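Coordinate inspection notes
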Amino acid sequence: MTAMLTIRDLHAEIEDKPILRGVSLTVPAGEVHAIMGPNGSGKSTLSYVLSGRDDYAVTGGEVLFDGRDLLAMEPEERAVAGLFLAFQAPVELPGVGNANFLRTALNAQRRARGEAEIDAVRFLKLAREAARRLAMPEDMLKRNVNVGFSGGEKKRNEMLQMVLLQPRFAILDETDSGLDIDALKIVADGVNGLRAPGFSALVITHHQRLLELIVPDRVHVLVRGQIVRSGGPDLARELEVSGYGAVIREAAA
Amino acid sequence: MSATLEQAGSRALAHFQAVRDRLPGCPDARVAAAEVFRSRGLPSRRDEAWRYTSLRDLGATSFAAPEAEVSPDAAAEWISLTRGLPRIVFVNGRLRPELSSLPAAISLGSFEVSAPKDATAAALPFVALNTMFAEDGMVITVDPDIECGPVVLLALTVGGNVDMPAVCLRHRIALRSGARLTLVEVAAGSGRYFANCVMEAEVADGAKLSHVRIQRESIDATTLSTLFVDASAGATYDSFTLALGGKLARAEVHARLAGPGATVHLNAAQLLAGSQHADVTTVVSHDAPACASRQTVKNILADRAHGVFQGKIEVARAAQKTDGYQMNQALLLSPEAEIDSKPELEIFADDVKCSHGATVGELDGDQIFYLRSRGVPERDARTLLIRAFLAESLADIEDAEARRMAEDALEGSWEKLGR
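Cut-off values and rules
- Residues numbered from 1 in each chain as written.
- Chains lettered and ligands numbered in written order.
- Predicted model: local features only at pLDDT ≥ 70, side-chain atom pairs only at ≥ 80, totals over all residues.
- Heavy atoms only, no water.
- Axes fitted to C-alpha atoms, helices over the stretch in contact; angles between N-to-C directions.
- Helix = DSSP H or I, 4+ residues; strand = E, 2+ residues; numbered from the N terminus.
- Parallel < 35°, antiparallel > 145°, perpendicular 65-115°, else oblique.
- Left-handed = near helix turned anticlockwise from the far one by under 90°.
- Contact = heavy atoms within 4.5 Å.
- Nonpolar A, V, L, I, M, F, W, Y, C, P; charged D, E, K, R; others polar.
- Pairing = 2+ DSSP bridges.
- 1 Å grid on protein atoms, 1.4 Å probe; cavity = no way out; pocket = protein on both sides within 12 Å on 5 of 7 lines; lining within 4 Å.
- Points joined across faces, edges and corners; volume = space filled by probe spheres on them.
- UniProt positions renumbered as here; feature names shortened; annotations may be inferred.
- Buried area = accessible area lost by both parts, 1.4 Å probe.
- Salt bridge = Lys/Arg side-chain N within 4 Å of Asp/Glu carboxyl O.
- Polar contact = N/O pair within 3.5 Å; in protein donor to acceptor, adjacent residues only side chain to side chain.
- Buried < 20%, exposed > 50% of the residue type's maximum accessible area, 1.4 Å probe, protein only.
- Phe/Tyr/Trp six-rings, centres within 6.5 Å; stacked < 30°, edge-to-face > 60°.

Residue and element names in this part refer to chain B. Contact geometry for helix α7 (residues 378-395) and helix α8 (residues 400-411): axes closest at 11 Å, N-to-C directions at 160 degrees. The angle between the axes of α7 and α8 places the two elements in the roughly antiparallel class. Crossing geometry of α7 relative to α8 is assigned as right-handed. Touching Arg387, Leu390, Leu394 and Ala395 of α7 are Arg403, Ala406, Glu407, Leu410 and Glu411, all from α8. Classifying every residue of the contact of α7 with α8 by side-chain character gives five nonpolar, no polar and four charged.

Further remarks concern the sheet that holds strand β5 (residues 147-158) of chain B. All names here are of chain B. Within the open sheet, the 10 strands sit side by side as β2-β1-β5-β8-β10-β12-β14-β16-β18-β20. Their pairing is mixed. The sheet is open, and its two borders are formed by β2 (94-95) and β20 (353-361), each paired with just one other strand. In the sheet, strand β18 (residues 323-332) pairs with β20 via nine bridges, with the strands oriented parallel. Within the sheet, the bridge partner assigned to Met327 lies in β20 and is Gly357. Of the strands in this sheet, β1 (87-91), β5, β8 (180-190) and β10 (208-216) touch helix α3 (residues 72-80), which is tilted by about 145 degrees from β5. Running at roughly 160 degrees to strand β16 (residues 292-301), α7 makes contact with β12 (236-243), β14 (263-272), β16 and β18 of the sheet.

What follows covers the layout of surface pockets. When its volume is computed, the largest pocket comes out at roughly 1,100 Å³. Lining the largest pocket we find 42 residues, and of these Asp118, Thr120, Ala121, Phe228 and His254 of chain B sit closest to its centre. Here the lining of the largest pocket gets six residues from one element, more than from any other, and that element is strand β11 (residues 222-231) of chain B. Looking at side-chain class alone, the lining of the largest pocket contains 17 nonpolar, 10 polar and 15 charged residues. In this model, the second largest pocket occupies a volume close to 570 Å³. Taken together, 24 residues form the lining of the second largest pocket, with Asn100 and Thr104 of chain A together with Thr383, Leu384 and Arg387 of chain B sitting closest to its centre.

For the rest of this paragraph, the subject is the UniProt feature "domain: ABC transporter" (unreviewed entry) in chain A. According to UniProt, the positions carrying the feature "domain: ABC transporter" (unreviewed entry) are residues 5-249 of chain A. Segment residues 5-249 of chain A splits into 40% helix and 29% strand. End C-alpha atoms: 29 Å apart.

Looking now at unusual backbone geometry. The omega torsion of the bond from Gly149 of chain B to Pro150 of chain B falls at 5 degrees, within 30 degrees of zero and hence cis. Within the secondary structure layout, Pro150 of chain B lies in strand β5. Phi is positive for Asp9 of chain A, close to 50 degrees, though the residue is something other than glycine. Tracing the backbone shows Asp9 of chain A in strand β1 (residues 3-14).

Attention now goes to the UniProt feature "domain: SUF system FeS cluster assembly SufBD core" (unreviewed entry) in chain B. With numbering matched to this structure, UniProt assigns "domain: SUF system FeS cluster assembly SufBD core" (unreviewed entry) to residues 166-389 of chain B. Strand forms 60% of residues 166-389 of chain B and helix 9%; the C-alpha atoms that close the span are 35 Å apart.

With that settled, the discussion passes to the interface of chain B and chain A. Contact residues are listed per partner, giving 17 residues for chain B and 32 residues for chain A. Summed over both sides, the interface of chain B with chain A buries roughly 1,900 Å², with 65% coming from carbon and sulfur. Ranking the residues of chain B by area buried against chain A places Phe369, Tyr370 and Arg374 of chain B at the top, with a combined share of 42%. Arg53 of chain A is paired through a salt bridge with Asp366 of chain B; the nearest N and O atoms lie 2.4 Å apart. Linking chain B to chain A there are 12 residue pairs in polar contact (both at pLDDT 80 or more). Residue classes in the side of chain B that touches chain A are distributed as nine nonpolar, three polar and five charged.

Evaluated as defined, the whole model comprises 50 salt bridges over all chains. A salt bridge links Glu135 of chain B to Arg94 of chain B, with the shortest nitrogen-to-oxygen separation between them at 3.0 Å. Placement of the pair is Glu135 of chain B in the loop between α5 (125-133) and β4 (139-142) and Arg94 of chain B in strand β2, with a sequence separation of 41 residues. The exposure class of Glu135 of chain B is partly exposed, given its relative accessible area of 24%. Shared partners join several salt bridges into a network, and the residues in it are Glu74 and Glu76 of chain A together with Arg372, Glu378 and Arg382 of chain B.

Once that is clear, we can look at empty space enclosed by the protein. Over the atoms, a rolling probe the size of a water molecule traces out where space has been left empty. Residues and elements named next belong to chain B. Throughout the structure, instances matching the rule amount to six cavities of 30 Å³ or more. Lining of the largest cavity is provided by 34 residues; of these, Glu185, Ala187, Glu217, Thr223 and Ser225 occupy positions nearest its centre. Among the secondary structure elements, those contributing two or more residues to the lining of the largest cavity are β5, β8, β9 (194-203), β10, β11, β12, β13 (248-257) and β15 (277-286). For the lining of the largest cavity, the residue count by class is 19 nonpolar, 10 polar and five charged.

Residues and elements named next belong to chain A. Where helix α4 (residues 120-133) contacts helix α6 (residues 151-165), the axes come no closer than 10 Å and their chain directions differ by 130 degrees. Of the possible angle classes, the one that applies to α4 and α6 is oblique. In this structure, the crossing between α4 and α6 has a hand that is right-handed. Residues Phe123, Leu126, Ala127, Ala130, Ala131 and Arg133 of α4 form the contact with α6, whose own contacting residues are Leu160, Val163 and Leu164. Tallied by class, the residues present in the contact of α4 with α6 amount to eight nonpolar, no polar and one charged.

Turning our attention to the sheet that holds strand β5 (residues 68-69) of chain A. Residue and element names in this part refer to chain A. Pairing is antiparallel in the open sheet, where four strands are placed in the order β2-β1-β4-β5. In this open sheet, the two strands that pair with only one neighbour each are β2 (17-28) and β5. As judged from the seven bridges shared by β1 and strand β4 (residues 57-65), these two strands associate in the antiparallel manner. Among the inter-strand pairings, His11 is bridged to a residue of β4, identified as Gly60. Against the sheet, helix α1 (residues 43-51) touches β1, β2 and β4, its axis set at about 110 degrees to β1.

This part covers the side chain of Asn328 of chain B. All names here are of chain B. Turning to its location among the elements, Asn328 is positioned in strand β18. There is a polar contact of 2.8 Å between the side chain of Asn328 and the side chain of Asn299. Side-chain polar atoms of Asn328 contact the side chain of Ser341, separated by 2.9 Å. Each residue touching Asn328, except ones within four places of it in the same chain, is listed here: Val297, Asn299, Phe309, Ile339, Ser341, Gly357, Ala358 and Thr359.

On to the packing of aromatic side chains. Within the structure shown, the criterion is met by 11 aromatic pairs over all chains. With a centroid separation of 6.0 Å and an interplanar angle of 85 degrees, the aromatic rings of Phe65 of chain A and Phe169 of chain A are classed as edge-to-face. With a gap of 104 residues between them, Phe65 of chain A in strand β4 and Phe169 of chain A in strand β9 (residues 169-173) connect regions that are remote in the sequence. A residue is classified by how much of its surface remains accessible, and Phe65 of chain A, at 1% relative accessible area, is buried. When the ring of Phe63 of chain B is compared with that of Phe194 of chain B, the centres are 6.2 Å apart and the planes differ by 90 degrees; the resulting orientation is edge-to-face. Pair noted here: Phe63 of chain B is in the loop between α2 (27-40) and α3 and Phe194 of chain B is in strand β9, with a separation of 131 residues, a long-range link.

Written out as structure tokens, the structure reads:
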């Protein structure tokens with residue numbers, strides 16, 4: 001099977017503090033992998049480094065996306081190549097209408113790929129359909145991006161973007177945190193609806209609950225900036241029962 | 001006073017002596033204004049009202065009217081900005097009837113210069129200078145209960161390459177009781193010049209003047225405008241000023257809420273780059289009870305640009321139940337950009353609600369990254385966020401055509417921010 005994302009011995013730090021200390025991971029095309037781990041283990045840092053946030057310094061290793069050097073690309077180029085990050089805490093954009101934002105993003109990607117832009121009327125039809133599938137009230141398209149949205153609405157808005165932008169590789173950074181079971185199901189439906197041989201995802205989570213709904217092909221445990229254990233979907237259930245302690249002790253041994 | 005300003009002041013007086021007999025109308029008012037100007041001179045930064053804005057660029061002006069003519073192509077291009085709306089067009093300080101098209105509800109009055117009735121206003125140096133030299137201006141009256149607009153007032157100036165001619169327009173607008181007018185004022189030009197415009201507006205009981213001002217003067221121009229507004233009982237003066245052009249620009253407004261229940265909005269946005277300097281100075285006088293004034297001034301400053309906001313709210317003893325609000329916000333796009341903000345409240349009544357605030361910030365790195373992570377190129381992301389900063393100001397322009405004109409003017413301004 002061809003690898004869509006290959007991470008080799010990735011080291012990254014913020015303000016001279018090492019966070020990732022040699023992460024290696026391969027996600028083949030068509031697979032969904034989960035990353036679990038205690039707080040502060042570097043899960044979010046990994047998602048930011050992959051999406052190109054510049055306050056993190058990569059000090060070693062490489063990341064290949066479809067065989068291309070991902071770390072050499074600007075954040076917008078990564079998005080155009082098909083990478084999508086669902087943020088843990090999406091920012092608010094006062095003064096920017098949600099529909100306008102979504103269309104700007106979609107058309108920026110289409111332009112960069114040499115595809116025709118989507119006009120406002122057709123776009124609004126697409127966006128309304130997608131919003132309905134995500135059980136979002138329609139006025140969320142009219143409101144300013146994430147302004148006054150509840151935590152759950154912000155997460156759903158991330159899913160709306162994912163569904164409209166149709167990425168080839170999605171990173172969900174604790175998208176499940178703070179969601180009730182109905183919202184969790186909507187998020188899972190969003191990801192499962194994209195599952196296809198040409199789509200892969202990295203689901204970062206604390207809890208096994210989401211992984212009951214998005215069943216991963218592999219589960220990796222990240223502890224202190226390194227993957228200390230990998231396994232099948234059962235690993236998530238095992239961690240839910242025994243906690244991270246055993247895995248951490250095992251890794252230290 | 002600096003030697004440069006002193007010489008410029010003497011040059012203005014000498015030029016007045018040379019041309020006074022050829023100027024139209026009321027020589028007494030002009031001579032009196034020249035006396036005011038002689039005793040007052042051009043203000044320096046030691047003057048409190050001009051503390052943040054230096055006029056040394058006026059060292060280059062001859063105070064003489066421009067001689068260049070606007071080419072038909074250039075005129076047509078500027079006129080195309082008016083979106084086919086009724087318009088009153090001035091070129092180099094003179095009305096051009098053949099370029100203008102007035103709506104039926106408005107007739108132009110004959111121009112005559114006179115000093116403002118208010119002594120403080122008459123004592124302002126640039127008002128005196130305008131009274132000395134103004135040869136033309138828009139004089140309009142909207143009759144009671146007539147609704148009119150939008151009408152465009154377009155002032156074009158063709159300046160020099162080396163020399164710096166001067167243009168003084170003097171406008172007078174009167175809205176009778178219950179009348180309504182949307183006026184879109186566009187100031188534009190090319191080359192080097194000094195524009196010194198004065199407008200006096202009377203808004204009678206229950207009347208409403210919506211005033212959208214788009215200042216897109218030449219980047220080599222010095223442009224000063226002084227506006228006097230008098231709002232009677234229940235009247236509304238609602239204005240938005242967009243400052244884009246000029247090397248040195250100042251929009252000064254003196255608004256008086258003269259009758260109970262009057263409302264004044266003095267909103268503005270300044271978009272500046274390079275070494276542009278623009279100044280919004282306002283004096284809002286609450287002279288009657290139960291009036292409201294609102295002011296939101298937004299500054300977007302790139303490169304070494306310098307924005308100034310001086311806002312004074314005066315509340316007279318009689319003006320109980322005054323509701324005054326003032327906000328100055330600045331978005332600094334470069335470490336060398338600068339904003340000066342001076343709010344002043346002078347309150348003599350005891351039952352009033354007055355507040356003011358100021359914010360200064362940069363574009364938010366998290367917001368830029370969020371947009372980029374969705375595939376929006378960095379430059380477009382920044383433009384989107386700057387536009388968002390202005391969104392509420394533009395949304396407040398009630399008339400759709402006027403709003404479109406302001407948006408069109410902004411559209412051509414992103415380039416200069418250079419990112």
